[in-house]
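If you want the building blocks of each chain, they are given just below.
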Amino acid sequence: MARQSGTTVDQSEFTRSAEPFRRELLAHCYRMIGSVDDAEDLVQETYLRAWRSFDSFEGRSSLRTWLYQIASNACLTALERQSRRPLPSGLGSPDEDAGTRSATAAPESDVLWLQPIPDALVRPGRGDPAAIAVSRESLRLALIASFQYLPPRQRAVLLLRDVLAFSAAEVAGILDMTTTAVKSALQRARARLEEVTPDEGTVSEPQDPHAQALLDAYISAFETADAAALKQLLRRDATLELPPSAAWFTGGRAIAEAVRGLGAPGDWRMLGASANGQPAAAAYHRQPDGSYSAYGIVVLTATSTGIARLVVFGDPGLFRWFDLPQTYQFAPRD
């Protein structure tokens, strides 16, 4: 679609042409940045830049490639001003002893934490099933955390080549690199990613009946404060992470901390959700007046042998991305 410089941009034409790429651009910016807040801002910036220069777009590349060029470079500029966004497990060894940090540890206010992203924001409507599967897999929470270990330009090359399947020549054009430099960066990025990505086994998707059953059982155990049921759901090598505190636990200590968070029956109510291609729950905590206020988003890593990882994002601000209110009126339990 070539355009002549100096023509008047028609808003409806731009919207019709560019809007279908919004979801995948949001997913790309999220993979680059690790924050749904920042990714949304960067997508808005991408569309604003594209709108301003749409009349001079000459079609030397596809519109999709052009939008990815704008978005990728906006992300690289943003990453010049911030450090990587970790999970607690990316900051040090787990807390195994009872005398160390606990689940009630104070938040680490100076850390920019990784955020989850709701599947509803980035789930492709339709397309090649294989490409959709790659896109969904590349949003897994552990992999997003691993991307953060890569230098920004290597991260961009890896995502554009291995996730989005752009050719080396296309990536070179998008990032203003030589094809040789792209191939070298990709090789280094793949090697580093293999070093830092944890092996979680086969992870079930939220729509998988087994994953849904695990999520339902997890919610039931928490809402009824059933410690025995929760222990049965967690693998013996399970991991528990608790941003915005730096506390995280593995094995028996993780199970003990998860059980300790149960409280009394009725202290917690949860709504099922999905995030990062994984089952999730929005947790509400009972207040003294009996109302329930937003607490955080819990992302589960569901496997055939149980829940391998729980990441509890104690940030009520995330609820707006899941289209959930800050207070919720739950029906009384039977």
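The following paragraphs examine the structure supplied in this document.

Cut-offs applied
- Residues numbered from 1 in each chain as written.
- Predicted model: local features only at pLDDT ≥ 70, side-chain atom pairs only at ≥ 80, totals over all residues.
- Heavy atoms only, no water.
- Helix = DSSP H or I, 4+ residues; strand = E, 2+ residues; numbered from the N terminus.
- Polar contact = N/O pair within 3.5 Å; in protein donor to acceptor, adjacent residues only side chain to side chain.
- Salt bridge = Lys/Arg side-chain N within 4 Å of Asp/Glu carboxyl O.
- Buried < 20%, exposed > 50% of the residue type's maximum accessible area, 1.4 Å probe, protein only.
- Expected span 1.5 Å × (residues − 1).
- Contact = heavy atoms within 4.5 Å.

Position of W268 among the secondary structure elements: in strand β3 (residues 268–275). Along the backbone, W268 and R286 are 18 residues apart, and their C-alpha atoms lie at a distance of 6.1 Å. One polar contact links the side chain of W268 to the main-chain carbonyl oxygen of G261, over a distance of 3.0 Å.

Take the pattern of salt bridges next. Summed over all chains, the structure comprises 14 salt bridges. Among the salt bridges present, the one from D37 reaches R320, with a minimum N-O distance of 3.2 Å. Placement of the pair is D37 in helix α3 (residues 36–53) and R320 in the loop between β6 (306–313) and β7 (327–328), with a sequence separation of 283 residues. Residue class for D37 comes out partly exposed when judged on its relative accessible area of 24%.

We now examine helix α11 (residues 209–223). Residues that lie three or four places apart on an α-helix share one face, since the helix turns once every 3.6 residues. In this model α11 runs 21 Å from its N-terminal to its C-terminal C-alpha over 15 residues, within 8% of the 21 Å that 1.5 Å per residue would give. Every buried residue of α11 is listed here: A211, L214, L215, Y218, I219, A221, F222 and E223. Those residues of α11 that are buried are in contact with α12 (227–233), α13 (251–260), β3, β4 (278–286), β5 (292–303) and β6. Following α11 by one or two positions, A225 has its phi on the positive side, about 55°.

For the rest of this paragraph, the subject is unusual backbone geometry. With an omega of 20°, the peptide bond running from P243 to P244 counts as cis. Note on placement: P244 falls in the loop between β1 (234–241) and β2 (248–250). With a phi angle near 60°, A165 is a residue other than glycine that sits in the positive phi range. Its identity is not glycine, yet A225 carries a phi of approximately 55°, on the positive side. Examined against the element boundaries, A225 turns out to sit in the loop between α11 and α12.

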